[in-house]
Every structure is written in C-alpha cells, then in structure tokens.
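# Close look at the chain arrangement
Listed below are the residues making up each chain.
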Amino acid sequence: SWTGSPGGGIELSTDPITRLNTALEGRYRIERELGAGGMATVYLAEDLKHDRQVAIKVLRPELAAVVGGERFLSEIKTTANLQHPHILPLFDSGEADGFLFFVMPYIEGETLADRIARDKQLPVDEALGIAASISAALQAAHEAGIVHRDIKPGNILLSRGEPLVADFGIALAVGAGGTRLTETGLSVGTPYYMSPEQATGDQMVGPSADIYAVGCVLYEMLVGEPPYLGNTAQAVLGKIIQGIPVSATTARQSVPPNVDAAIRRALEKLPADRFVRAADFAAALSDPSFRHGADPVAEVAADVGRWRMLALAGMTVAVVAVVAGVTGLLGSRERMQPVERHQLAFPSLGPGWHWGARMALAPDGSGMVYSDGVEGGDGPSLYYRARGDVDGVLLPGTEGASDPAFSPDGSWIAFRQRGRLVKRPVRGGAPVTLAEGVDGGVSAIHWMNDGGILFELDDGDRLARITEDGGSPVDTLGDVGAMRWLQGIEGADFALVVGCFGGCSLGLADFETRQIDYILDEVDRAWYLPSGHIVYVRSDGAVFAAPFDVESRTLGSQAVPLFEGVRTAVARADMVLGQDGTVLFVRGNSGPGGGDTEYLTWVNRDGTFEAVDPAWAPDDLDAPSLSPDGGRVALGVWNEVGEIWVKELPDGPLTRISDPGKPAMSPARWTPDGRSVVYRRGNDGTSEIVKIRADGSQGEPEVLFRSSVSLGLPSLTPDGEGFVYVTWNRPRDIGFADGSSDSINFVLEREFNETGPALSPDGRWLAYASDVTGDQEVFVRPFPNVGDSRVQVSVGGGSEVVWARDGSELFYRSGPMLMAAEVRTDPAFEVVERTELFEMGRDYISRPGA
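The rules behind these values
- Residues numbered from 1 in each chain as written.
- Predicted model: local features only at pLDDT ≥ 70, side-chain atom pairs only at ≥ 80, totals over all residues.
- Heavy atoms only, no water.
- Core = buried A, V, L, I, M, F, W, Y, C linked by side-chain atoms within 4.5 Å.
- Buried < 20%, exposed > 50% of the residue type's maximum accessible area, 1.4 Å probe, protein only.
- Helix = DSSP H or I, 4+ residues; strand = E, 2+ residues; numbered from the N terminus.
- Contact = heavy atoms within 4.5 Å.
- 1 Å grid on protein atoms, 1.4 Å probe; cavity = no way out; pocket = protein on both sides within 12 Å on 5 of 7 lines; lining within 4 Å.
- Points joined across faces, edges and corners; volume = space filled by probe spheres on them.
- Nonpolar A, V, L, I, M, F, W, Y, C, P; charged D, E, K, R; others polar.
- Pairing = 2+ DSSP bridges.
- Axes fitted to C-alpha atoms, helices over the stretch in contact; angles between N-to-C directions.

### Digging into the nonpolar core
In this structure, Leu-112, Leu-218, Met-221 and Leu-222 are the most contacted members of the largest nonpolar core, which totals 54 residues. Listed by contribution, the elements that provide at least two residues to this core are helix 4 (112-119), helix 5 (124-143), strand 9 (156-159), helix 9 (207-223), helix 10 (233-242), helix 11 (248-251), helix 12 (257-266) and helix 13 (278-285). For this core, the element with the most residues is helix 9, which contributes 11 residues. When near neighbours in sequence (up to four residues on either side) are disregarded, Leu-222 contacts Gln-121, Val-124, Ala-127, Arg-252, Val-255, Val-259 and Ile-263. One finds Ile-489, Ala-492, Ala-526 and Phe-548 within the second-largest nonpolar core, a separate group that totals 32 residues.

Written as structure tokens, this is what we have:
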C-alpha cells in the first residue's frame, strides 16, 4: 500500500496490518496482533458485515509461497463443514494481496499452553476431562476424513473452562505442499508433540498421529512438561523416534494406573500399537480396569505386605534443569532471561528425593557431582557427570555419601560419609578421611580458596573449619542454632548461613564475635557471587539477585527477580549455583514456606508412596503422628507462630487444636487412649509440655511440665502419666518426668549428647541416639532403670529412632537410609537382624501404622 511520507512524497508501507487492512477493506478491520507461531500470525479484527470481533490467522509468507492459494483454499474448505462442540468453527477463508488467511471466532480466555505455563500441573480430573473433549473433537474430524496433524497445548483454547480445538485444516493445507514443503526446511507439527512417523518425514500421516499428540498433551497436563525433552528440536525428535517408554504415574503418583496405561499406549512408537480411534483413547481414560503392557508402578510395588509408614513426601520425580549465565543477568531487568537452558533427566530417582544436599557444581560449571543409588550397593553413591554428557560416572568409595562440595580448582570433591568428612579426587584416586565424628544437617560444606573447609558439627549447631589436609577441626562458630546452609566468602571474616526456626532466614555468621546477624527472611538458600551479588531462593521457589557490599555487610534493597519454579520444602531448596553463574535446580510446585506440592502419604517397606488423600496437598506441614487407632493424624504447621492440627483420615476435616497465640512445636504425641495430644510450646522464655483434647473441644491446654531449659519432643509412658524428653542445652540430655513435679530428672550420661528418646510400647525399654562412642548411634536401655546396661542397635551411624507398634522392630535413619532392626525384648533386649529398607531423603520418620 502507498502512504504519504513526512516529506510529502510517496513511499511503500511494509506494515502487515496496514497492508491487510487495505487488502480486506470493507470486509474486516485489523485491530492488533494477538500472537505469532511457526506457521501463522493471528490478528484481532472486526467483522464489518456482522459487527463482531473475530480472529484472523494469516499464513507466513514462505509457507504461502510453497502451498499456493488454490491448494490452500481447496484443502481448508474440507474443514469448513466440521461442526462439533469442541472444535473452533471456521467463518471464512481467502487470498488477498498475496496473503492466505482464514477467519475464526475470537475467544476470550487462554490457551491450554498458557494454563500449563501458569499452573505447571493440572488437577487429574480436569486434565482427563480436557483430554476426553479433545479426543471427541478428533473422533469427529477423523470420521470426516480429516487429520489435524498439529495438536498441541497452544492450539487448544479454553473458553469458560471448556476446550476448543483450533487450526483444523491448516496443517492439512500446509502439508499439501508435499516435497516442496520439505525442500524449504519447514515442517508441519511441533516437535514435542510429533508422532515418530511425522518426525521421520513420513507423508502418510493418519489419525494415529493425532492420538499420539493428544497423549503427549495429557502427559504434559499431568506432569508439567512434555514426555520427551531435549536441548534442540533434533534432540527431541531423536528421542521421539527412539520411542523410549515414559510413565506419568512414576512422575506423579496420583495419576491412576489406567490413565498411565492409556498414555503409554497412545505414545507407542508404531502406529499399529496405538489406539485405533480417538474415542478408544477417551474410553480407556475412564475405564479403571484398562491396562497396557508392563505396569512400571505395579512392578515396583509388588508384594510389599501390609506394613506402612506415615510420612510427608514430595510427589515429584526429580528432573534437574540447567540455566547458564546468571552472572550475565544481573545488569538490568531487560536482560533477565537465561542465556541457555537444558533438561537433565534422572529416571532412577523417585518421589521424595530432595537435591539440596545431593548435588554440587564445579566452580567453572563444567560438571556436577550428585548422589544416586547403586543396584546392590551399600546406600547411595556419588557420580560425576560432565556438562553435555548423558550419563554420570560412579565415584568408587563414596557409598553412603552426601553433601558434596568441589574444591576451588574443581579437581577434588569433599563430602560427608557415615560420620566422617572425606575428600577424593573427581577423576580417579582413593578417598581421604579429613575428620571423624562429623554429623551435620543439609548441604553445609564449603571449600575455601585458601584451602580451608567449612562444615557443620553436631547436626548443624556448630560451624567448624579444617584444612584440606585434615587435622583437628577448629570450632569457628559455636551453638549457631538450626543452620541449614553455609557459604564462606573469600577474604571476609564471616560466612553466609541460612538458619531455620520454623521459617528460614539469611544471616551473616561473624567468626570474631561468634554471632549471626539475620538480614533477610523467607530465604531457603543463598550464594555470594564475585560480581558483588547475593543470589537467593525464596521459600516460594522464586530466585532473586540483590547487590551485596562485603565491606559494609549490607544487602541492596533493589532485588531483581531471575526466575521461579525451584522446588522447595521446609528448610530446603533444591538448587545449587556455581561461581560462573550456572544454576542446577529441580523444578517443582512450591508453596508459601515449603514445598514442591507435599502430600500426606503412606510409604511401604520398599519405599513406594501412596497418597492418603490425593486431593489434599497442604503447605507448610511437618512431622505427622498417627493416632493409636490409625484413624487420625496430628501434624505441625510451620508458620510465624507454629500450630498443631489434627486430620481425620483419609479425607476428613482438618482441625487446629493448639492455642494460636502461643508457639506450638511439632512433633505432637498421642496419649495411649487416643483422646488427647501432647506437644511442646515456648512462651516468655519458658518451655512447656502441654496436653490438649484431640477433638478441638478444649480451649487452653493443660500444662504438664514447665522448665526454663528448652525441651525437645516428649515420648509418653504407656499409662500416659509420664514422659521422657530431651533438653536442648549442651550437652543435650534425656530426662524423665512422672507428672508429679517440675523437676528435671536426668537419666543418661551428662557429658555426651543424647537425642530422640523413644519408649517401647510396653514402656520397658528406652531407645535413643547418642555420640558416646564418637559417632552418633542408636542405643537401647531398660526403663526406668536405665543405669543397668545399654545395647547398641545401629552400626555405622543412627538417629531418629521409632518403635514398631508391637515392639518387635526399631526403625531408624542411618545416613540417608531407613533401617529396620528386628529385636527381642524378653527376657533381655537383643538385636536379631538389621535390614536396609530404602533411601528416604529428608522425609520425616513417623510411627508405623500397621
């Protein structure tokens, strides 16, 4: 079109909207661009004849040139008569001034791609409803002899919650270009949702390609990402062509087995192995008995017996994403986009595998070390995986290791291994023990440039330093509280720490004053970068960067958002950051203060999880405790105050029973009759153990015991009148109260740390953890005559001990493993056999339910 130039002359306008308005004058008036895709651009326009808003989709010029107007109009005409409640109708089509276009209703709402980008994972029932509607639309089209060829979330419009399939006919019309289309290097379809026959360029694409695509779309709605991922389109297509089986239930355990089976059949490599009709796919989704091939979940869960443990566990299989170049993002908001992204899949890892303490990045971002299980091995081991490699390489001698940390030059790795601080070369060489008697919290080892290594002692309550050559650790910062993360800053006399007291906060630990100054709340991880910034993960999974002045120790007020979606949980964020700006993180649904979506679950003896109530995904819950009859559970809530709640199982109501005005600390304990719950709370510098009715009918709880010393969780005697507790002073001691006085009666060695007291169901035996041997181990003594003798239960480390309901077993954590010790208690206590059950990450051990 021709327009007047500023100088009064005439110039050619290249603005497509201006050209389109000229070409469509009298019929449509283009208002603005709505979006652009690989094959077309969509515009919002006014239909002048009918006085209504419409969407006009205009083919890209290079596609229009290949297809040709006559062929395009001929092919797209075949779709004009498609009528179905879930198919977006076609109003008009044509050619004008070289443009090939067609006209559709303008739908206010969003695409399914928008919905998935916002919510990550859809509720199972909603996803199934959308998939069934798409399948019904495809069935109608297939019966009319029309194959869509480009089913994807971006082509599914959501109008008042109902899906509408758009672009019927455009892929068919474009595909009519045949070999001419192939010669241009353009392709029909979107890589993530292409069937193998489309990926290989097969021109004979039938209805089964659409069934494959809707299977991909349903998988993405349920899991949060397409079934096959890769760094490039070629990599994605390569995986599709290979046809490696996937499982939605393995990634998200609330997905029913029949749905997983239907998806696996829809994604079969050969068209003949898929559903014959789209309607058959929809029917399988609603048929609980439908199965296809080997059931990956059933194979794992076969013959697990009736034993179950109650736990809080994240239900997301760990898939790690790599985002490179964060240091290049810190200059301005306009540059807040990752330089490059990659997906790293770890298919052997299951629900509850939390990575905050299990991976480390080389300082230059060239590789990572991570923890994974070894078939037939003694606990998890460390692996090294170079950047760009598909598989990791086992590092021998690292069985039972956790908390890896690279040396500054990237040639060594330090880690915690069964009560020892160890280092070993990344590429060959034997492990070297640096220190014994090391027991710490979550991923708190940092190797400084000067050769010193900072690490935790005594379950995260003391910060120590040791040289890279070993020797005696120096107590750099004593009694720092619940420290869950640390990083030394080169040349500074302080370190970054994250302390967690219900919520987590970022602090500066001063080596000289031996104090911590907390500077920012709601932070689960933080790193200082040489660029002069602190990058931190907020408790909701969002990542920010803020300038930080080392000299003045001040954090800038203008924090810049980098990205979001890091999986978090209480006192944990599954992300690490290299000094070159490379980030490794696990994607997940994070809520305020905690968690990739957490579920109250049963866990069987082999480590498989089953959600108690799949529809209930609470935030901020901790430490479930099952009632004596197994019908209710008491849980702690991590918030500003701290509360205790009781839930009816499996899908009953949730009732707060603690006083909201006074901090309540989990875990809670049930009285033997199941009528009341005992918990601890703090108020005005005192520590109290209180009892309250579990039905919520009691206002102020009854105070059973009050002390000026901070007390830990109680373990009740069988009659419910007395309890054993732990004091949180140093050294930590175990005491007994019979309910008749407020005096502290110490029952064990005062010079060592004893924690986690647990009375046997008959009240005759006291189990606990102690560092009396130098390492923390689990012991049992007779009760109340605890001075008579002691029996060591664990070997190679032990903590968090609980009794089986019948007293025949003790369960405890040994490193990351859950152990079961079969015991005899009559006439004397004896350990019969120790058995490794499964790797349990950081999930809380509760009393077994059956």
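### Concerning empty space enclosed by the protein
Applying the stated criterion across every chain, the model contains three cavities of 30 Å³ or more. Quantified by volume, the largest cavity comes out at close to 70 Å³. Around the largest cavity, the lining residues are Thr-79, Leu-82, Ile-87, Leu-88, Pro-89, Leu-90, Phe-102, Met-104, Ala-166, Asp-167 and Phe-168. Its residues assigned to classes, the lining of the largest cavity shows nine nonpolar, one polar and one charged.

### Examining the sheet that holds strand 21 (residues 432-436)
Strand order in the open sheet made by the four strands is 18-19-20-21, with antiparallel pairing throughout. Each having just a single partner strand, strand 18 (401-406) and strand 21 make up the two edges of the open sheet. The average undirected angle you get between the axes of adjacent strands in this sheet is 25 degrees. Pairing between strand 20 (residues 420-425) and strand 21: four bridges, direction antiparallel. Paired with Arg-420 across the strands is Glu-436, a residue of strand 21.

### A word on the pairing of strand 9
Covered by surrounding structure in strand 9 are Ile-156 and Leu-158 together with Leu-157 and Ser-159, the residues of both alternating faces. Summarising the sheet, strand 8 (residues 110-111) and strand 9 pair through two bridges and their orientation is antiparallel. Opposite Glu-110, over in strand 9, you have Leu-158 as the bridge partner. In this structure, strand 9 lies alongside strand 10 (residues 162-165), joined through four bridges in antiparallel fashion. Along strand 10, the bridge assignment pairs Ser-159 with Glu-162. Counted along the chain from strand 9 to the antiparallel partner strand 10, the turn is two residues long, and its residue Arg-160 has a positive phi close to 55 degrees.

### Brief notes about unusual backbone geometry
Note on backbone geometry: most residues besides glycine have negative phi, and most peptide bonds are trans. Looking along the chain, the bond that leaves Phe-783 and enters Pro-784 is cis, with omega of 5 degrees. Checked against the element boundaries, Pro-784 lands in the loop between strand 55 (777-782) and strand 56 (791-792). Of the consecutive residues Asp-826 and Pro-827, the connecting peptide bond is found in the cis state with omega at 5 degrees. Phi at Asp-97 is positive, roughly 50 degrees, even though this residue is not glycine. When you line up the elements, Asp-97 lands in the loop between strand 6 (92-96) and strand 7 (99-105). On the basis of relative accessible area, Asp-97 is assigned to the partly exposed category, the value being 47%. Notably, Arg-553 is not glycine yet its phi reads approximately 60 degrees, a positive angle.

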